[in-house]
Protein chains: 2
Amino acid sequence: MVISYPKGSRPTTVEKKQVQYGRRGMQFEEMLNQSNAYYLEKGWAVIHKKPTPLQIVKVDYPKRSAAKVTEAYFKEASTTDYNGVYKGKYIDFEAKATKNKTSFPLKNFHEHQIAHMRACAAQGGICFVLLWFSQWKRCFLLDFDILYTYWQAQNDGRKSIPFADIEKKGRECLVGTRPYIHYLPQIQVDKGEHK
Amino acid sequence: MVISYPKGSRPTTVEKKQVQYGRRGMQFEEMLNQSNAYYLEKGWAVIHKKPTPLQIVKVDYPKRSAAKVTEAYFKEASTTDYNGVYKGKYIDFEAKATKNKTSFPLKNFHEHQIAHMRACAAQGGICFVLLWFSQWKRCFLLDFDILYTYWQAQNDGRKSIPFADIEKKGRECLVGTRPYIHYLPQIQVDKGEHK
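A few points on the structure.

Conventions used here
Residues numbered from 1 in each chain as written. Chains lettered and ligands numbered in written order. Predicted model: local features only at pLDDT ≥ 70, side-chain atom pairs only at ≥ 80, totals over all residues. Heavy atoms only, no water. Least-squares fit on C-alpha atoms with pLDDT ≥ 70 in both. Contact = heavy atoms within 4.5 Å. Salt bridge = Lys/Arg side-chain N within 4 Å of Asp/Glu carboxyl O. Polar contact = N/O pair within 3.5 Å; in protein donor to acceptor, adjacent residues only side chain to side chain. Helix = DSSP H or I, 4+ residues; strand = E, 2+ residues; numbered from the N terminus. Nonpolar A, V, L, I, M, F, W, Y, C, P; charged D, E, K, R; others polar. Pairing = 2+ DSSP bridges. Phe/Tyr/Trp six-rings, centres within 6.5 Å; stacked < 30°, edge-to-face > 60°. Buried < 20%, exposed > 50% of the residue type's maximum accessible area, 1.4 Å probe, protein only. Lys NZ or Arg CZ within 6 Å of the ring centre and 35° of its normal.

## A word on the relation of the copies chain A and chain B
Note that the two copies of the chain are related through a rotation about an axis and a translation along the same axis.
1) Next: If you rotate chain A by 180° and push it 0.0 Å along the axis, it lands on chain B with an RMSD of 0.1 Å. Viewed as a symmetry operation, the transformation between the two copies matches a two-fold axis.
2) Next: With an isologous cut-off of 70% or more, the 100% of interface residues of chain A that recur at the interface of chain B puts this contact in the isologous class.

This is how it looks when you write it as structure tokens:
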């Protein structure tokens, strides 16, 4: 993908790298946000990204203007980023992007996200991850139980999921414009059963 | 309830008022957070409060220490504060406290929260509000469809729900210590059906 910069704003090498990193991550998140807004508008599902958790330390209350947070720190989230409801079912997922071409590194996921998805799945929620391969511009929905198998296999030394496995075991989502990432049809709503 | 201040930190009159307001709101929220942690620990449900949405404007990245947000503003949430999964069902609710004794003011709720709960209910999610009467130390679960009737009746001039109606139409939650607010048994899981 060619990034076009506004006149005179072309970043230096260092900045460029940061901008590209930022754009790539942002791009997938923005595509998903647009998809979720589209689903909401159509009445197909209600799925939102959770706000970034911040530890607020200091807030100023200036007269006649909005309260301003002047000191806050990023906190580790205790859940995944996305959840909501689709066809009466609880949906919970994490979305991650990689520039890798041949595998998806498991370091993209954190212990607490895995623990959260395990807990939700035990309650009958439908849990999965959306994996975005930016170099291929392809998105796969991988059910949590499959991810979890690979997650546990990390003890045996495997630190990533081969692309070929994801192609085989995941379900590919249509990438278009309305919505950008059409992941809804790839959710198996009959899968989540409360035990 | 008596508030005890650390030595030398007793606030002035103005500050005191803010502290008390803060504590009262905080108290109900904290009780709910503890209840949710208890449910999670017991494996009964996975319900979390969403982080406060902030518009982050400026972040400092000091060397050798954590990134620090130095300018951010509170944003209006587009959803309710709480959601999660219970017995395979999507649960969505807003929790509000009042010091009123005879009614619950509807101004505690916002248009976007009502719109969000309508959308979730249409998807078969279970939506309700938890109403805390701080003077009575009593908590009621009121199903969204009942709240919505009162919400719409605001056009006729009624701006609050009488306490007697809440006692009759709501379901009271046990207030104890483990958990503080035991709202889970008052959720009617068979109510949410996808249309």
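## Examining the interface of chain A and chain B
1) Next: Between chain A and chain B, the residue contacts involve 38 residues of the former and 38 residues of the latter.
2) Next: Taken together, the connections running from chain A to chain B amount to zero salt bridges.
3) Next: Taken together, chain A and chain B are joined by eleven residue pairs in polar contact (both at pLDDT 80 or more).
4) Next: Those elements that place two or more of their residues in the side of chain A that touches chain B are strand S1 (46-49), strand S2 (54-60), strand S3 (68-74), strand S4 (82-86), strand S5 (89-98) and helix H2 (111-122) of chain A.
5) Next: Here the side of chain A that touches chain B gets seven residues from one element, more than from any other, and that element is S3 of chain A.
6) Next: A class-by-class count of the residues in the side of chain A that touches chain B yields 19 nonpolar, 14 polar and five charged.

## Here we look at the pattern of salt bridges
1) Next: One pass over the structure, following the stated rule, counts 13 salt bridges over all chains.
2) Next: Here the salt bridges share partners, and the residues they tie into one network are Glu 29, Lys 49 and Asp 81 of chain A.

## Here we look at the pairing of strand S3 (residues 68-74) of chain B
Successive residues of a regular strand alternate their side chains across the two faces of the sheet.
1) Next: Here S3 of chain A runs beside S3 of chain B; their pairing, made up of four bridges, is antiparallel. Residue pairing across strands places Val 69 of chain A opposite Ala 72 of chain B, the latter belonging to S3 of chain B.
2) Next: Sheet topology places strand S2 (residues 54-60) of chain B next to S3 of chain B; six bridges connect them, and they run antiparallel. By the bridge assignment for S3 of chain B, Leu 54 of chain B is matched with Phe 74 of chain B.

## Describing the packing of aromatic side chains
Residues and elements named next belong to chain A.
1) Next: Throughout the structure, instances matching the rule amount to 31 aromatic pairs over all chains.
2) Next: Seen in terms of ring centroids, Phe 28 and Trp 132 are 5.4 Å apart; in terms of plane orientation they differ by 10°. Their pairing is stacked. With a gap of 104 residues between them, Phe 28 in helix H1 (residues 13-42) and Trp 132 in strand S7 (residues 126-133) connect regions that are remote in the sequence. Summarising the burial analysis for this pair, Phe 28 and Trp 132 share the class buried.
3) Next: In textbook terms, an aromatic cluster arises when at least three aromatic residues are bridged by ring pairs, as seen for Tyr 38, Tyr 39, Trp 44, Tyr 82, Phe 93, Phe 128 and Tyr 183.
4) Next: Positioned over the ring face of Trp 136 is Lys 101, at 5.7 Å from the centre of the ring.

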